[in-house]
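Below, each chain spelled out in residue letters.
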Amino acid sequence: MAYNGIGLTTPRGSGTSGYVQRNLGSLRPYALQRRQHQRGPEDYRAPAITKKPNKAILEHNRKRKIELKLVLLAEELKSRGLEE
């Protein structure tokens, strides 16, 4: 089942069907450039859209920072021997 010297001579005992595929992971840089030019120049592509930050996520991050400060302060007071 070898094609152009590639693949198994016989699939018997190999646990495979012997089907030979092309490895697209080993394309040379020239082939990659040629593929990009077939898509079209970047000038004609739509500009990237920037999203506004989610207010709920920003609020959550702000609360986490405050909570972290409180935990650090509580640890510092506890290490000094003061209770909450």
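To be clear, the structure that these remarks concern was listed above.
Values in this document were obtained by computation on a predicted structure and should not be read as measured data.

**Observations regarding the overall build of the chain**
- Of regular secondary structure, the chain possesses 2 helices and 0 strands.
- Within the chain, buried positions represent 4% of all 84 residues.
- For the chain, the accessible area works out to roughly 8,900 Å², and carbon and sulfur atoms hold 54% of it.

**A look at the pattern of salt bridges**
- Enumeration according to the criterion identifies 2 salt bridges in this entry.
- With a closest N to O distance of 2.6 Å, Arg62 and Glu59 form a salt bridge. Of the two residues, Arg62 and Glu59 both sit in helix H2 (residues 55-80), 3 residues apart, roughly one turn of that helix.
- A salt bridge links Arg80 to Glu76; the shortest N-O distance between them is 2.7 Å.

**A look at H2**
- Compared with the 38 Å implied by 1.5 Å per residue over 26 residues, the 38 Å span of H2 between its first and last C-alpha is a close match.
- Put simply, Asn54 is the residue that caps the front of H2, since its side-chain oxygen is 3.1 Å from the backbone nitrogen of Ala56.
- Directly beyond the C-terminal end of H2, a positive phi value near 95 degrees is found at Gly81.

Analysis parameters
Residues numbered from 1 in each chain as written. Predicted model: local features only at pLDDT ≥ 70, side-chain atom pairs only at ≥ 80, totals over all residues. Heavy atoms only, no water. Helix = DSSP H or I, 4+ residues; strand = E, 2+ residues; numbered from the N terminus. Buried < 20%, exposed > 50% of the residue type's maximum accessible area, 1.4 Å probe, protein only. Areas by Shrake-Rupley, 256 points an atom, 1.4 Å probe, with all protein chains shown as cover. Salt bridge = Lys/Arg side-chain N within 4 Å of Asp/Glu carboxyl O. Expected span 1.5 Å × (residues − 1). Polar contact = N/O pair within 3.5 Å; in protein donor to acceptor, adjacent residues only side chain to side chain.

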